[in-house]
Amino acid sequence: MQPPPDSTSPDRPADHGRLLPSRLHHSKTRAIRVALEERKQRLAMRVVRRDRGQALRRFLAQEVRPKVPAKALGRRVTRREREAILGYGPKGV
């Protein structure tokens, strides 16, 4: 087992805030500003779906419903069918 890093070790997370900007010749404030701008750009490139409900309804109508047998549409699952699906039997689970 390795001993914990001492207070002068560059591997300590607290030291990264001090060492990284000095290596890049920036101030801490400038390094933080650049990091935030880069993160803002990455987040702006994300695709955001606004209406998840509409996407779900489309998926159900176009992908799921056509695969459901016609005789099952509009019919409730009986208790016996539900228990069979869940794996219940005469002796329980």
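Here is a short report on the structure shown in this document. (Residues numbered from 1 in each chain as written. Predicted model: local features only at pLDDT ≥ 70, side-chain atom pairs only at ≥ 80, totals over all residues. Heavy atoms only, no water.)

When its secondary structure is counted, the chain shows 4 helices and 0 strands. Reading the secondary structure of the chain in the N-to-C direction produces α-α-α-α. Per-residue burial for the chain yields a buried fraction of 4% across its 93 residues. Of the accessible surface of the chain, which amounts to about 9500 Å², a share of 55% is contributed by carbon and sulfur atoms. (Helix = DSSP H or I, 4+ residues; strand = E, 2+ residues; numbered from the N terminus. Buried < 20%, exposed > 50% of the residue type's maximum accessible area, 1.4 Å probe, protein only. Areas by Shrake-Rupley, 256 points an atom, 1.4 Å probe, with all protein chains shown as cover.)

A separate point is the pattern of salt bridges. What the rule picks out here adds up to 2 salt bridges. For Glu-81, the salt bridge goes to Arg-75, with nearest N and O atoms at 3.2 Å. Glu-81 gets classed as partly exposed once you look at its relative accessible area, which sits at 31%. The partner of Arg-79 in a salt bridge is Glu-83, and the shortest N-O contact between them spans 3.0 Å. Highlighted residues: Arg-79 and Glu-83, both in helix H4 (residues 79-86), separated by 4 residues, approximately one helical turn. We classify Arg-79 as exposed; its relative accessible area is 60%. (Salt bridge = Lys/Arg side-chain N within 4 Å of Asp/Glu carboxyl O.)

This brings us to a nonpolar patch on the surface. On the surface, Leu-56, Phe-59, Leu-60, Val-64, Val-68 and Leu-73 cluster together into a nonpolar patch covering about 460 Å² of accessible area. By the element assignment, Val-64 lies in helix H3 (residues 52-64). (Patch = residues over 30% accessible without salt bridge, like charges linked within 9 Å, V, L, I, M, F, W, Y side chains within 5 Å.)

Within H4, only 0 of the 8 residues are buried, leaving the element largely exposed. At the exit of H4 stands Gly-87, carrying a positive phi of roughly 90°.

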